Amino acid sequence: MLLVGPTVSKSLARASRYTASIRHISTTSSSSIGGLKIGGFVRANFSTTTTTTQQQQKEAAGLGKKGFVSQRRNMSTGSEGFTVRPAARVASQEKDVWTTVNEAASSCTTPVINLGQGFFGYNPPEYVLNAAKDALNRVDCNQYSPTKGRLRLRKALSDAYSPHFGRTLDPESEIVITSGANEGMLSAFMGFVEPGDEVIVMEPFFDQYISNIEMAGGKVVYVPLHPPKNGSTEVSSASEWRLDLDELKAKVNSKTRMIVLNTPHNPIGKIFTREELLGIGKICVDNDIIIVSDEVYDRLYYTPFTRIATLSPEIGRLTITVGSAGKNFYATGWRVGWLIGEPHLIKYCSAAHTRICFSSVSPLQEAAAIGFEEADKHQFWEESKVQMHHKMTLFNAIWTELGIPYTVPDGGYFVLANLSRVQIPEDYPFPADVQRKPRDFKVCWWLIREIGVAGIPPTEFCKGEEMVKEVQGYLRFAVCKDDEVLLQAMERLRRLKEFIV
C-alpha cells in the first residue's frame, strides 16, 4: 500500500516549516572554533559572541519581561562568563565510549593498536584516488553540486544497483546523495518523524541512530537481538543472534512511524535471512511502517545477502535503503552516502537533506561515481570481499589459539569476541566512571592499558538492562586494517593466556 494521507501530509508540513524557518533566519552571532586533537579524536573549543536586544540581555541575565528572575535549567557558563542554555537534545554531556577509549589510550606509554573504530587502515584503490585528484582540477567539481547530488553519481548508482533491485532505478526521483550515510539517515528521520512518533531500533545498534531519531523529535523503542545461549563457551555464527518477531510485533502501535534495519549488522555482523526480512516486512506492510534499511556494508557479505526492498512491491514501497561510498571504497572520511527508495519517499528525504546541508562535497561525489563506473573492470567488488574475508580469518585465528569464543560474522568487518573467561585482577585501579560501567567497559580499559589493543564495549550500543547483561561479555574489534597491524595485535593478545580461567 502506498504511503499517502497523514504520512505524506506531515512530511509536506515539515518541509514547509523548514522553508519558512530559512526565510526568517537572521544571523546575529559570530563564532570561533579551536580544535585540540588527542589520539586521533578531535575536541573542539568554542567561544561565541552574540548580539542581542535589551530584552534578550535581561532574559540572559535571569530577568523576565517584568523584571522577575526567570527559571533557568540546564544552564552552563560560557568561556566569557555569560550563561547559556543548551537545547535539551544536546544538553547531555555524559562521557561516551569514544572518550573513554581515548582517555585510556592517551595514558599509555606505548602506542595502542586501535581495532576499536571502524575506519580503514589503508587507502582507496588507486583508480578511485586518481579520480578524486583529477576532480579537484575541474572547475565544476569545486562548486556546489545539485542538492540531490551530482547526476553522474546518481546515474552510476542506478546502473550499479538496478540489477540488485530487479528494476530500473530512476536517478532523478529515486536516489539522493547525502553527506555520508549518517546524514542520509538523519534526513530520512527528519523527513518523516514528527515529535511523539516512535521508531523501532534493534539492539545492539549503531549509536548514531539514537541521536538522529531524537533530533527529529522521535521516541526510540528498542527490540533485542538475542545472542546465542552458548556464545560465552563456543564459537557461534552471527546468524544465531535472534530477532523474536513476537517481541517486535508487541512494540508496534499507532505511533510507530519507522523501523530501522541494519544488514549486514554493526556490531554483530549478522545478515538477516530472507525469512526474517519477510517477517519484518509483513509487520511493516500491515501497519504502514516505513523501513530504513542501513546497508552500508552491502558489498562485504560472506553468506547470501538479501535486500528487504526487493522482497515484494508492497515492502519496496515502504523501504528507504541507505548506502555509503566510504564503506564501499575504504574512504570513511569522504562522507558520501545515498538513499534509494520510491519517489514518494525520496521526495521528503531530499527536502530534509536540502535544509540540513544543502549539498554534499562535489569532487568526492565525482570520484565515487567513477569508482562505481569502473569497479567491475577492476574486479573490485569481488576482490574487496575476498580481501576482507581474509583479514577476518587471519585475525580470528588468535581467538581459536586462545580458546576464546567469538561470533563468526556473516558480513561487514567487525567481530565480537567473548572475553568472559578473561579474569582481571580484582584490585585493578579503574577510574570511577569506568568502575560504574558494565564489565565490557572494564575489560576494554584494561585491555588498552595492559595489552595495548583497543576494542569497543558493545553495551554502549544497548539500552535494556537484560540486553546489557547478555552482551557485556563481548568486545567488538574491527579488522579493516593492514595485515601487519592485525598480526601485531594478535601478538599482543597472546598475553591474555595468563589471564584466562
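All residue numbers refer to position in the chain's written sequence, counted from 1. Confidence filtering applies because this is a predicted model: local features only for residues at pLDDT of at least 70, side-chain atom pairs given and counted only at 80 or more, and all residues used for totals across whole chains, interfaces and linings. The basis for every side-chain value is the complete set of non-hydrogen atoms in the structure, without hydrogens or water.

J.: Any chance you could explain the overall build of the protein here in plain terms?
T.: Numbering of helices and strands runs from the N terminus; a helix is a DSSP stretch of H or I covering at least four residues, while a strand is a stretch of E covering at least two. Helix and strand counts for the protein come out as 19 helices and 18 strands. Two residues form a contact once any of their heavy atoms are found within 4.5 Å. In the protein, the share of contacts with a sequence separation of at least 24, taken over all contacts with a separation of at least 6, comes to 71%.

J.: Is there a simple way to explain the nonpolar core in this structure?
T.: If you look at soluble globular proteins, the nonpolar side chains tend to sit buried side by side. In terms of nonpolar packing, the biggest core is built from 115 residues, with Phe395, Trp399 and Leu496 touching the most fellow members. Those residues within four positions of Phe395 in sequence are excluded, and the remaining contacts are Leu115, Val415, Phe477, Val479, Leu486, Ala489, Met490 and Leu493. For our purposes a nonpolar core is just a set of buried Ala, Val, Leu, Ile, Met, Phe, Trp, Tyr and Cys residues, chained together by side-chain atoms within 4.5 Å. Residue exposure (1.4 Å probe, protein chains only): buried if accessible area is under 20% of the type maximum, exposed if over 50%, otherwise partly exposed. One finds Leu261, Cys284, Leu318 and Val471 within the second-largest nonpolar core, a separate group that totals 31 residues.

J.: Hey, could you run me through the confidence of the model for the protein in this one?
T.: In low-pLDDT segments, the atomic positions of the prediction should not be examined closely. Looking at the protein, pLDDT values average 87 and 84% of them are 70 or higher. A residue's pLDDT is the confidence the predictor assigns to it, expressed on a 0 to 100 scale. Note that pLDDT drops below 50 for residues 15–73; the model gives that stretch 65 contacts with residues more than four away or on any other chain.

J.: When you look at helix 10 (residues 274–287) in this model, what are you seeing that I'm missing?
T.: Residues that lie three or four places apart on an α-helix share one face, since the helix turns once every 3.6 residues. When the terminal C-alpha atoms of helix 10 are compared, their 20 Å separation across 14 residues agrees well with the 20 Å that a helix rising 1.5 Å per residue should span. Within helix 10, the full set of buried residues consists of Glu276, Leu277, Gly279, Ile280, Gly281, Ile283, Cys284 and Val285. Looking at the buried positions of helix 10, the neighbouring elements they touch are strand 7 (198–203), strand 10 (242–243), helix 9 (245–250), strand 11 (256–262), strand 12 (290–294) and helix 11 (313–316). Among the residues trailing helix 10, Asp288 stands out with phi positive, at a value near 50°. Take the number of residues in a helix, subtract one, and multiply by 1.5 Å to get its expected span.

J.: Got a minute to help me understand unusual backbone geometry in this structure?
T.: Backbone geometry follows two general trends: most residues other than glycine have a negative phi, and most peptide bonds adopt the trans configuration. Between Glu203 and the following residue, Pro204, the backbone shows a cis peptide bond with an omega angle of 5°. Note on placement: Pro204 falls in the loop between strand 7 and helix 8 (208–215). Residue Thr263 is joined to Pro264 through a cis peptide bond whose omega torsion reads -10°. Looking at the element boundaries, Pro264 is found in the loop between strand 11 and helix 10.

J.: Could you clarify how one ought to interpret the sheet that holds strand 9 (residues 236–237) in this entry?
T.: By way of backbone hydrogen bonds, the strands of a sheet pair with one another, either parallel or antiparallel. The sheet built from four strands is open, its strands ordered 9-15-16-18 with mixed pairing. If you trace the sheet from one side to the other, it starts and ends with strand 9 and strand 18 (474–478), each paired once. If DSSP finds at least two bridges between two strands, the strands pair. As paired strands, strand 15 (residues 406–408) and strand 16 (residues 414–418) are joined by two bridges and run antiparallel to one another. Opposite Tyr406, over in strand 16, you have Ala417 as the bridge partner.

J.: For this particular structure, what's the right way to read the packing of aromatic side chains?
T.: Two measures describe an aromatic ring pair: the distance that separates the ring centres and the angle between the ring planes. Ring pairs shown here join Phe, Tyr and Trp side chains whose ring centres sit within 6.5 Å, with only the six-membered ring taken for Trp; geometry is labelled stacked below 30 degrees between planes, edge-to-face above 60, and tilted in between. All told, the structure shown has 27 aromatic pairs when counted by the stated rule. Look at Tyr161 and Phe372: their rings are 6.1 Å apart centre to centre, the planes differ by 55°, and that puts the pair in the tilted class. One end of the pair, Tyr161, is in helix 6 (residues 151–165); the other, Phe372, is in helix 14 (residues 362–375), and 211 residues separate them in sequence. Judged by relative accessible area, which is 6%, Phe372 ranks as buried.

J.: Which parts of the structure should I look at to understand the packing of helix 6 against helix 14?
T.: In a pair of packed helices, the angle between the axes and the distance between the axes together describe the arrangement. The axes used here are C-alpha line fits, helices contributing only the stretch in contact, and every angle between their N-to-C directions lies in the interval 0 to 180 degrees. Put simply, helix 6 and helix 14 touch, their axes get as near as 8 Å, and they point 25° apart. The angle between helix 6 and helix 14 places the two elements in the roughly parallel class. The element helix 6 and its partner helix 14 pack so that their crossing is left-handed. Within the contact between the two elements, helix 6 uses Arg152, Leu153, Ala156, Leu157, Ala160 and Tyr161 and helix 14 uses Gln365, Glu366, Ala368, Ala369, Ile370, Phe372 and Glu373. Put simply, Ala, Val, Leu, Ile, Met, Phe, Trp, Tyr, Cys and Pro go in the nonpolar bin, Asp, Glu, Lys and Arg in the charged bin, and everything else, Gly too, in the polar bin. When its residues are assigned to classes, the contact of helix 6 with helix 14 shows nine nonpolar, one polar and three charged. Orientation labels follow simple angle bins: below 35 degrees gives roughly parallel, above 145 gives roughly antiparallel, 65 to 115 gives roughly perpendicular, and whatever is left gives oblique. In a left-handed crossing the near helix is turned counterclockwise from the far helix by less than a right angle, and in a right-handed crossing that turn is clockwise.

J.: What's the story with the sheet that holds strand 13 (residues 319–324) in this structure? I'm lost.
T.: The eight strands lie next to each other as 6-14-13-12-11-7-8-10, forming an open sheet whose pairing is mixed. Lying at the two open borders of the sheet, with one neighbouring strand each, are strand 6 (175–178) and strand 10. Examined bridge by bridge, strand 11 and strand 12 share five bridges and lie parallel to one another. Looking across to strand 12, one finds that Met258 is bridged to Ile290. Along the sheet, helix 10 contacts strand 7, strand 10, strand 11 and strand 12; its crossing angle with strand 11, the most-contacted strand, is approximately 165°.

J.: Explanation requested: the environment of Ser187 in the structure shown.
T.: Considering the arrangement of structural elements, one finds Ser187 in helix 7 (residues 180–192). The buried category is assigned to Ser187, whose relative accessible area is 0%. Taking the C-alpha atoms as reference, Ser187 lies 7.5 Å from Ile356; in sequence the two are 169 residues apart. Not counting chain neighbours up to four residues away, the residues in contact with Ser187 comprise Cys349, Ala352, His353 and Ile356. The definition of a polar contact used here is a pair of N or O atoms within 3.5 Å, where within protein one atom must be able to donate a hydrogen and the other to accept one, and adjacent residues in sequence count solely through side-chain atom pairs. Of the polar contacts made by the side chain of Ser187, one reaches the side chain of Glu183; its length is 2.6 Å.

J.: Is there a simple way to think about the packing of helix 7 against helix 13 (residues 343–357) in this case?
T.: At a closest axis distance of 8 Å, the pairing of helix 7 and helix 13 adopts a crossing angle of 110°. Between helix 7 and helix 13, the angle is such that the two are roughly perpendicular. Here the hand of the crossing between helix 7 and helix 13 comes out right-handed. From helix 7, Glu183, Leu186, Ser187, Ala188, Met190, Gly191 and Phe192 reach across to helix 13, where they touch His344, Leu345, Tyr348, Cys349, Ala352, His353, Ile356 and Cys357. Class assignment for the residues of the contact of helix 7 with helix 13 results in 10 nonpolar, four polar and one charged.

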